[in-house]
Amino acid sequence: TPRKFFSINKVFRNEAIDRTHLPEFHQIEGFVVADNLNLRHLMGVFTNFYGQLGISKIRFKPVFNPYTEPSMEIFGYHDSLAKWVEIGNSGIFRPETTAPLGIKQNVIAWGLALERAAMILFGVDDIRKVVGASTDLQWIRDFPELPEVLR
C-alpha cells in the first residue's frame, strides 16, 4: 500500500563553516512509497512545499547520490546574497536498495535544509545568525512576527 514518512532531525556533517554551511543543522526528511512515482512527482513535492512557505524561486540540478537514481539537488534563490543556495537533495531509491526490504514500488526521498530555507524566507545572509553558537539571541527575541504558514 502507498505510504508516506516524514521527520525533522538534527544531522552532523564534516563541513567548513561559512555563511551558508554549518557542521550541524536540521534536516526535513521524507520518503513516499507508491506505484508509478517519478521525478516529476518529486519536483511537485518541492514546488508545493516551498511555495507554501513563500519560496517560489526554486530550481533543480541533476546530481549523483549512491542510493538514488535519478537524483537532484534543490536550490532556492536568496535575494540578499544574490545567488542560488542549495536547500535540499533528493531522488528515487534505486531498486537494489529497496528490493531486499520487499518493496516493489518506487520510493521518492529527500532531505531538506531547514536553516537554509529560513535564511531565504527571512533575508538572513549568514546561517550562523539563525542557529549555532554565534546566534544573537536578542535578534531572535526581536524578530518580527512569523508568517502565517509558520505559526
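Residues numbered from 1 in each chain as written. Predicted model: local features only at pLDDT ≥ 70, side-chain atom pairs only at ≥ 80, totals over all residues. Heavy atoms only, no water.

1. Observations regarding the sheet that holds strand β1 (residues 3-12)
- One open sheet holds the 6 strands; their spatial order is β1-β2-β6-β5-β4-β3, and the pairing between them is antiparallel. The two strands at the open ends of the sheet, each matched to only one other strand, are β1 and β3 (58-62). Each strand of the sheet is rotated relative to its neighbour by a mean of 25 degrees, with strand direction disregarded.
- One ladder, built from 5 bridges, connects β3 with strand β4 (residues 68-78); its direction is antiparallel. By the bridge assignment, R59 is partnered in β4 with F75. (Pairing = 2+ DSSP bridges. Helix = DSSP H or I, 4+ residues; strand = E, 2+ residues; numbered from the N terminus. Axes fitted to C-alpha atoms, helices over the stretch in contact; angles between N-to-C directions.)

2. Details of the pairing of strand β6 (residues 106-113)
- Within β6, 7 of the 8 residues are buried, leaving the element largely enclosed by the surrounding structure.
- The sheet contact formed by strand β2 (residues 24-34) and β6 spans 8 bridges and is antiparallel. Of the residues in β6, the one forming a bridge with Q27 is A113.
- As judged from the 5 bridges shared by strand β5 (residues 83-93) and β6, these two strands associate in the antiparallel manner. Looking at the pairing, G91 lines up with A109 of β6. (Buried < 20%, exposed > 50% of the residue type's maximum accessible area, 1.4 Å probe, protein only.)

3. Comments concerning the pattern of salt bridges
- Summed over the entire model, instances satisfying the criterion amount to 5 salt bridges.
- Here E69 makes a salt bridge to R94, at a shortest N to O gap of 2.4 Å. Highlighted residues: E69 in strand β4 and R94 in the loop between β5 and α2 (95-98), separated in sequence by 25 residues.
- You can call E69 exposed: its relative accessible area is 52%. (Salt bridge = Lys/Arg side-chain N within 4 Å of Asp/Glu carboxyl O.)

4. Examining the layout of surface pockets
- A volume near 600 Å³ is recorded for the largest pocket.
- R13, Q27, G88, N89 and G111 are the residues nearest the centre of the largest pocket, which is lined by 32 residues in total.
- Ranked by the residues each element gives to the lining of the largest pocket, the list is headed by β5, at 10 residues.
- Among the residues forming the lining of the largest pocket, the class breakdown is 14 nonpolar, 11 polar and 7 charged. (1 Å grid on protein atoms, 1.4 Å probe; cavity = no way out; pocket = protein on both sides within 12 Å on 5 of 7 lines; lining within 4 Å. Points joined across faces, edges and corners; volume = space filled by probe spheres on them. Nonpolar A, V, L, I, M, F, W, Y, C, P; charged D, E, K, R; others polar.)

5. Side note on the packing of aromatic side chains
- In the structure shown here, the tally under the stated rule is 6 aromatic pairs.
- Arranged with centres 6.0 Å apart and planes meeting at 45 degrees, the rings of F6 and W110 form a pair that is tilted. One end of the pair, F6, is in strand β1; the other, W110, is in strand β6, with 104 residues separating them in the sequence.
- The class of W110 is buried, set by a relative accessible area of 10%.
- Chaining the aromatic ring pairs together yields one cluster made of F6, F46, F60 and W110. (Phe/Tyr/Trp six-rings, centres within 6.5 Å; stacked < 30°, edge-to-face > 60°.)

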